[in-house]
Amino acid sequence: MGGEKTTSRFFTPGEEIISPVDDFDFPLLSGDDEGSQDSWDSLVDQRRRDAVFREVLQSYDQLRTRIGSLTDAKNKILSYTPGAWIENVGGMTLSDYDVPKTTSLLLIGPKGSGKSSLVNRISKVFENDKFASERAQVTYNSSVGDGTYFLQEYTIPRGVRHGELVIRRSDSSSLRNRMRCKARKIGCEPSVIRKVNFVIFVVDGLAVLKSMEGDSDVEKQYDQIVATTFNCPYLSFRDDKPVVVVTHGDLLSLTDRARIRTYLGELLGIPPAKQIFDIPESSDPENELIIIDMLRYCLEHADRNLSCKSCARNKGFRVSVMAFLNLLLVLGIAIIAFKMQHLNAHRIPKSNSHVDWRAIRHLWLD
């Protein structure tokens, strides 16, 4: 960028956007220079990061040009039905897929990342009553509250039960007992089990930025938690990784928000401009459009990963065959054991010795 500064019109008028990577020309490298290949690779990586950073910045400005399509985009989400966006590939149609009655999106993330706040933000987008109370309980001081302990199902546009108690590994035994007792007192009975169709991974932008700029292992621990959780195979559907939502962006500058998305894209191996969504605590049209874009991405990929009915039947058939074979094996072992026992009983030799009781009667009469 060479000292050049770009003014953003997206959130704060006049805010200066500065690329984290300075613009520079590639130097001529000689093959005889020591470490020339490493220097070249480093320059290429820096150029790539700068290009990604510019793309992320442009995505903020592009939102303003799309504000006019907000109503149409919202209506498209509201008119969605499970399986409506299935891609008819391989000659398959909607009837060939195992389509659920309800498409379920699972929100996960570290404690205090903003999952409940995101639920409330999404609800506000599709509710006509802007003064309605918030649906999800928000913890405003994560160091004091215990966070969310019961799974909640919110109707908006692997299995989840509404009202099911969540137990964390870090919870002490006394806390677990108190929570179980609380669940019994309130009569919390798990309801219908739903299969998860796609995952939304929520992270705290402030914590990510602190981890980016920190030097100690404790400060970098948040990044490790995020990367480990994100790469859990149970959160992915085939090759589809979860969508990432960055929260608390309203407390950060636009430059830092773009840096966080760029950094997370490299850390998690996903495109930051398409699969990482920056959703701050605000109710402006741009933020509503970001939420709708995120939901559209999730619903499209949820439909894309639906299993076909033939696959489900084949799986059930394989399970039935295996159960039948196991039953035959058990019966075979039982029959063989019975035959062996019966055969051994017939093979016991009978005694042919004859005892002359008259000849030996003196043994007990004397």
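Residues numbered from 1 in each chain as written. Predicted model: local features only at pLDDT ≥ 70, side-chain atom pairs only at ≥ 80, totals over all residues. Heavy atoms only, no water.

*Asks:* If you had to explain a nonpolar patch on the surface to someone new, which residues and values would you point to?
*Replies:* A contiguous nonpolar patch, built from Leu325, Leu327, Leu328, Leu331 and Ile335 and spanning about 460 Å² of accessible area, is present on the exposed surface. Assignment of secondary structure puts leucine 325 in helix H10 (residues 309-346). Relative accessible area serves as the criterion here: at 43%, leucine 325 is assigned to the partly exposed category. (Patch = residues over 30% accessible without salt bridge, like charges linked within 9 Å, V, L, I, M, F, W, Y side chains within 5 Å. Areas by Shrake-Rupley, 256 points an atom, 1.4 Å probe, with all protein chains shown as cover. Salt bridge = Lys/Arg side-chain N within 4 Å of Asp/Glu carboxyl O. Helix = DSSP H or I, 4+ residues; strand = E, 2+ residues; numbered from the N terminus. Buried < 20%, exposed > 50% of the residue type's maximum accessible area, 1.4 Å probe, protein only.)

*Asks:* I'd like a description of the environment of isoleucine 77, backed by residues and values.
*Replies:* By secondary structure assignment, the location of isoleucine 77 is in helix H2 (residues 70-78). We classify isoleucine 77 as buried; its relative accessible area is 1%. In sequence terms isoleucine 77 and phenylalanine 126 are 49 residues apart; their C-alpha atoms lie 9.4 Å from each other.

*Asks:* How would you explain the nonpolar core if you had to name every residue and give the values?
*Replies:* Counting 50 residues, the largest nonpolar core has Val203, Val244 and Met294 as its most contacted members. Element by element, the count of residues in this core is highest for helix H9 (residues 285-304), at ten residues. Ignoring anything within four residues of it in the chain, the contact list for methionine 294 reads Ile122, Ile200, Val243, Val245, Phe277 and Ile279. In this structure, Phe53, Leu57, Tyr60 and Leu254 belong to the second largest nonpolar core, which totals six residues. (Core = buried A, V, L, I, M, F, W, Y, C linked by side-chain atoms within 4.5 Å. Contact = heavy atoms within 4.5 Å.)

*Asks:* Any chance you could break down the side chain of asparagine 287 for me, citing the residues and the numbers?
*Replies:* Along the polypeptide, asparagine 287 turns up in helix H9. Among the residues examined, asparagine 287 registers a relative accessible area of 1% and is labelled buried. Every residue in contact with asparagine 287, bar those within four places of it in the chain, is listed here: Arg121, Asp278, Ile279, Pro280 and Ser282.

*Asks:* Describe the sheet that holds strand E6 (residues 198-204), with residues and values.
*Replies:* Sheet architecture is open: four strands sit in the order E3-E6-E7-E8, paired in parallel fashion. Sheet topology places strand E3 (105-108) and strand E8 (276-278) at the edges, where each strand pairs with a single neighbour. The average undirected angle you get between the axes of adjacent strands in this sheet is 25°. By the bridge criterion, three bridges tie strand E7 (residues 243-247) to E8 in an arrangement that is parallel. Among the inter-strand pairings, valine 245 is bridged to a residue of E8, identified as phenylalanine 277. Set on the sheet, helix H5 (residues 205-213) makes contact with E6 and E7; between it and E6 the angle comes to about 60°. (Pairing = 2+ DSSP bridges. Axes fitted to C-alpha atoms, helices over the stretch in contact; angles between N-to-C directions.)

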